[in-house]
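Residue strings, one per chain:
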Amino acid sequence: MTKMKIPKIPLAQSIILFCKAKGIKHIVISPGSRSAPLTIGFTHDPFFECYSIVDERCAAFFALGIAQEVKHPVALVCTSGSALLNFFPAISEAYYSDIPLVVLSADRPKYFVGIGDGQTIDQENFYGNHVLYSANLKLDIDFEGKDLINKKEGPKIFKKMENSLERFLDLQLSVQRANEKEINKAMNISVASSGPVHINCPFEEPLYETIDDYSIKINSEEHLDSDELVSDKEINEFARRWNESKKRMILVGVNTPNDLDRELLNRFAADKNTIVFTETTSNLHHDDYFPCIDKVIAPLDQEGFLELQPDMLLTFGGMIVSKKIKAFLRGYQPKHHWHIDAKKANDTFFCLNKHLKMLPNEFFSSVLPLVIPSETEYFHKWENVKKQREEKHNKYLKSIPFCDLKVFDMLLPSLPKKANLHLGNSSTVRYAQLFNMDRSLKVYCNRGTSGIDGSTSTAIGCASSSKEQTILITGDLSFLYDSNALWNNYIPNDFRIIIINNGGGGIFRILPGHKNSGNFDTYFETTHELNAESLCKMYGFEYLRASNENELNESLLEFYILADVPKILEVFTPRVINDEVLLKYFDYIK
């Protein structure tokens, strides 16, 4: 059993005790010296599950993946200087995706800032508007004459305090209480509001001294103000407008698996004048839902858009992936748009009328008794359109050569039941949106900021903390960009990565632009001839590859079987035909 070692520095003790009080067990540490008091305290306490990840950018996304899975804050520890800058991509993703992280950045005393000292930057409030709260802690007062204000004043304060130990203890106690208040507030906010917070922790040398037991006690009571309750009047107003509407639409964005009582939503949407649009990342399934939005939206002309335009739109969940549904609802706005979320509402379609600050389960429970069932042709018409599109979809897939679209058609049915499926951004998640997903899968994607930078690290974080198998499907650029994610000692043997390698950023070939020029190839598509085989050798992954349908089918037969090491399957597709196949797909299904 690990012998307990307690950092001597009171501030470090406070942080560790608060993490225990708030149940923050997972601690992701990027090695460094200034953060030594925290590292020593966390790693010598069996309460904590500690991870050592050298690359701070990977570490932060790894922590994000754990937090997604455990649905509770995960702490990130780093040294001073540029270390916390590298956390920023994952912090912004956590902010926009409502994922709880607690950043514990070690800092130098204030008198070192701005004098040219190494590994020293201005760290206070560094993440600005991308965290829910910034706690800038105070340096403990050292009776040897070092002070939190500046070095020049230290000796003066020491002389004044020299004959008054009681006064010194009072000052230190006031610093400690102020720090505890800030730590408590930050952690409470992360738990209650599900998002990232930043706690900046200045430490003075010596950093490595330890004691056998805690020298302080903390008060971890919660003092957060409760949110205003949604009134009965607002619920009744919604029900009235909903009942009056002939064309009702529900659109669900990113939704955590198993968060919503599906029976409540099913009962609410059971009447036949309601269309429920879901996305791959919505993690909601029903035979009457419309799970592949772009199949319905993409082929429509003006007359079709007018027929689909809802009188009332109800939204909940996070970010929307489909550009087509966003363009449609911005151009053909509903008369009323209400959003349900306990925390925030994005005016994505520039017509938001009302934000009900409550959980979707609470909303549907409250409003169900007030909803009057009715039936119009709205649902039936679009249900027929959905069936026609699906028939065209299946027919088209049988006619196309080996390409990105064909690969997704082959991959998605092969996925093991009940697995965690992580999707890379850009083209990967958009291709997945075109297919009906197995209902047992739990689907994740970093859609908060929609960057390609941390998909692999996030998936590995999920895999390290989940009982279910985790599979990542990603593009070549996204994988190569985050290849340091494989520099990780916590990857389970059943973890799988599928790389769609089309030799560049294939998404740019789909977007409007001048293709097939040297400038485009270099600065937009960024063509390359790299593969993952050498990385697999270096990091101990089993490597499989496929370049056609037969090879892919053969590889999939053994790919998911448990082995002594994790596996990567790299699928090579022709770079220059993927965009043509996809664009013709939307023409074909009209």
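Quantities reported herein were computed from a predicted structural model and do not represent experimental measurements.

Trainee: Outline the overall build of the protein chain, listing residues and values.
Mentor: Across its full length, the protein chain holds 23 helices and 19 strands. Expected size for 590 residues packed as a compact globule is a radius of gyration near 25 Å; at 27 Å, the protein chain falls within 12% of this value. Taking the principal axes of its C-alpha atoms as reference, the protein chain extends roughly 90 × 65 × 45 Å. Within the protein chain, the proportion of its 590 residues that are buried is 54%. In the protein chain, 77% of the contacts between residues at least 6 apart in sequence involve partners at least 24 apart.

Trainee: Could you give me a rundown of unusual backbone geometry, with the residues and numbers involved?
Mentor: For the bond from glutamate 205 to proline 206, the omega torsion is 0°, close enough to zero to count as cis. Phi angles above zero are rare outside glycine, and aspartate 98 is one such case at about 60°. Residue class for aspartate 98 comes out partly exposed when judged on its relative accessible area of 24%. Positive phi is not limited to glycine here, since serine 450 has a value of about 60°. Residue position: serine 450 is located in the loop between strand S15 (442-444) and helix H17 (455-465). Among the residues examined, serine 450 registers a relative accessible area of 28% and is labelled partly exposed.

Trainee: So, the packing of aromatic side chains: which residues are in play, and what are the values?
Mentor: Across all of its chains, the model carries 29 aromatic pairs by this definition. For the ring pair phenylalanine 88 and tyrosine 127, a centre distance of 5.0 Å and an interplane angle of 90° mean the geometry is edge-to-face. With a gap of 39 residues between them, phenylalanine 88 in helix H5 (residues 88-97) and tyrosine 127 in the loop between strand S5 (101-107) and strand S6 (133-136) connect regions that are remote in the sequence. Here phenylalanine 88 falls in the partly exposed class, since its relative accessible area comes to 23%.

Trainee: Would you mind going over the nonpolar core in detail, with residue names and values included?
Mentor: Within soluble globular proteins, side chains that are nonpolar tend to cluster in buried spots. Judged by nonpolar contacts, the single largest core of 44 residues is most densely connected at Val28, Leu76, Phe87, Leu101, Phe495, Ile497 and Ile568. For this core, the element with the most residues is helix H3 (residues 56-70), which contributes nine residues. Contacts of leucine 76, omitting those with residues within four sequence positions, involve Val28, Ala59, Ala60, Ala63, Phe87, Ile91, Leu101, Val102, Val103 and Leu104. Tyr396, Leu421, Leu434 and Val571 belong to the second-largest nonpolar core, a separate cluster that totals 42 residues.

Trainee: Please provide a residue-by-residue account of the side chain of serine 455, values included.
Mentor: The residue serine 455 is located in helix H17 in this model. Apart from the residues within four sequence positions on either side, serine 455 is in contact with Leu423, Gly424, Asn425, Asn446, Leu472, Ser478 and Asp482.

Trainee: Help me get a handle on the state of the cysteines, residues and values and all.
Mentor: As enumerated under the stated definition, the model contains zero disulfides in all. Free of any disulfide, cysteine 58 has its nearest neighbouring cysteine sulfur in cysteine 78, separated by 14 Å. Accessibility expressed as a relative area gives 3% for cysteine 58, which makes it buried.

Trainee: Any chance you could break down the pattern of salt bridges for me, citing the residues and the numbers?
Mentor: Applying the stated criterion across every chain, the model contains 18 salt bridges. One salt bridge in this structure joins glutamate 209 and lysine 8, with 3.5 Å as the shortest N-O distance. On the criterion of sequence distance, the pair formed by glutamate 209 in the loop between strand S7 (196-202) and strand S8 (210-211) and lysine 8 in the loop between strand S1 (6-7) and helix H1 (10-21) is long-range, its members being 201 residues apart. Its relative accessible area of 37% is what places glutamate 209 among the partly exposed residues. Here lysine 8 falls in the partly exposed class, since its relative accessible area comes to 46%. In this structure, glutamate 180 engages arginine 177 in a salt bridge whose closest nitrogen and oxygen atoms are separated by 3.2 Å.

Trainee: Break down the packing of helix H15 (residues 404-411) against helix H22 (residues 549-559) for me, citing the residues and quoting the values.
Mentor: Following both chains from N to C, one finds H15 and H22 inclined at 30°, their axes separated by 11 Å at the closest point. By the angle between their directions, the pair H15 and H22 is classed as roughly parallel. For the element pair H15 and H22, the recorded crossing hand is right-handed. Contacts between H15 and H22 pair Lys406, Val407, Met410 and Leu411 from the former with Glu549, Leu552, Asn553 and Leu556 from the latter. For the contact of H15 with H22, the per-class residue count stands at five nonpolar, one polar and two charged.

Trainee: Describe H17, naming the residues involved and giving the relevant values.
Mentor: With nine of its eleven residues buried, H17 lies for the most part within the structure. Taken as a whole, H17 has its buried residues at Ser455, Thr456, Ser457, Thr458, Ala459, Ile460, Gly461, Cys462 and Ala463. Buried residues along H17 sit against H3, strand S14 (420-423), strand S16 (470-475), helix H18 (476-481) and strand S17 (496-501).

Trainee: Quick one: what's the story with the confidence of the model for the protein chain, residue by residue and with numbers?
Mentor: Summing up the model confidence of the protein chain, the mean pLDDT is 92 and the portion of residues at 70 or higher is 93%. Here residues 143-150 is modelled with pLDDT under 50, and outside its nearest four sequence neighbours on either side it reaches 25 contacts, counting other chains as well.

Trainee: Which residues make up a nonpolar patch on the surface, and what values do they have?
Mentor: A contiguous nonpolar patch, built from Phe508, Tyr523 and Phe524 and spanning about 350 Å² of accessible area, is present on the exposed surface. Turning to its location among the elements, phenylalanine 524 is positioned in the loop between helix H20 (518-523) and helix H21 (533-539).

Trainee: How would you sum up the pairing of strand S18 (residues 542-546)? Please name residues and give values.
Mentor: Pairing between S18 and strand S19 (residues 567-572): five bridges, direction parallel. For glutamate 542, the partnering residue across the bridge sits in S19 and is lysine 567. Running through H22, the crossover from S18 to the neighbouring parallel element S19 is right-handed.

Trainee: Describe the environment of aspartate 438, listing the residues and the values that go with them.
Mentor: Mapped onto the secondary structure, aspartate 438 falls in the loop between helix H16 (427-432) and S15. By relative accessible area, aspartate 438 is classed as partly exposed at 28%. Spatially, the C-alpha atom of aspartate 438 lies 9.9 Å from that of serine 414, the residues being 24 residues apart in sequence. Each residue touching aspartate 438, except ones within four places of it in the same chain, is listed here: His285 and Lys417. Within the structure, aspartate 438 has its side chain in polar contact with the side chain of serine 440 (distance 2.5 Å).

Trainee: An account of the sheet that holds strand S11 (residues 312-316) is needed here, citing residue identities and associated values.
Mentor: Pairing is parallel across the open sheet formed by five strands, whose spatial order is S10-S9-S11-S12-S13. Looking at strand neighbours, the two that pair on one side only are strand S10 (274-277) and strand S13 (354-356), the edges of this open sheet. Averaged over neighbouring strand pairs, the angle between their axes works out to 20° when direction is ignored. As paired elements, strand S12 (residues 336-340) and S13 share three bridges and run parallel to each other. Within the sheet, the bridge partner assigned to tryptophan 338 lies in S13 and is lysine 354.

Trainee: Tell me about helix H13 (residues 360-367), and please be specific about residues and values.
Mentor: Since the α-helix packs 3.6 residues into each turn, any two residues three or four apart lie on the same face. Three or more residues of H13 are buried, namely Pro360, Phe363, Phe364 and Val367. Taken end-on, H13 shows its buried residues confined to a sector of 90°, consistent with a single buried face. The inward-facing, buried residues of H13 abut helix H8 (232-244), helix H9 (262-268), S11, S12 and S13.

Procedures and definitions
Residues numbered from 1 in each chain as written. Predicted model: local features only at pLDDT ≥ 70, side-chain atom pairs only at ≥ 80, totals over all residues. Heavy atoms only, no water. Helix = DSSP H or I, 4+ residues; strand = E, 2+ residues; numbered from the N terminus. Rg over C-alpha atoms; globule rule 2.2 N^0.38 Å. Buried < 20%, exposed > 50% of the residue type's maximum accessible area, 1.4 Å probe, protein only. Contact = heavy atoms within 4.5 Å. Phe/Tyr/Trp six-rings, centres within 6.5 Å; stacked < 30°, edge-to-face > 60°. Core = buried A, V, L, I, M, F, W, Y, C linked by side-chain atoms within 4.5 Å. Disulfide = S-S within 2.5 Å. Salt bridge = Lys/Arg side-chain N within 4 Å of Asp/Glu carboxyl O. Axes fitted to C-alpha atoms, helices over the stretch in contact; angles between N-to-C directions. Parallel < 35°, antiparallel > 145°, perpendicular 65-115°, else oblique. Left-handed = near helix turned anticlockwise from the far one by under 90°. Nonpolar A, V, L, I, M, F, W, Y, C, P; charged D, E, K, R; others polar. pLDDT = per-residue confidence, 0-100. Patch = residues over 30% accessible without salt bridge, like charges linked within 9 Å, V, L, I, M, F, W, Y side chains within 5 Å. Areas by Shrake-Rupley, 256 points an atom, 1.4 Å probe, with all protein chains shown as cover. Pairing = 2+ DSSP bridges. Right-handed = clockwise from strand over helix to strand, strands pointing away. Polar contact = N/O pair within 3.5 Å; in protein donor to acceptor, adjacent residues only side chain to side chain. Arc of directions from axis to C-beta.

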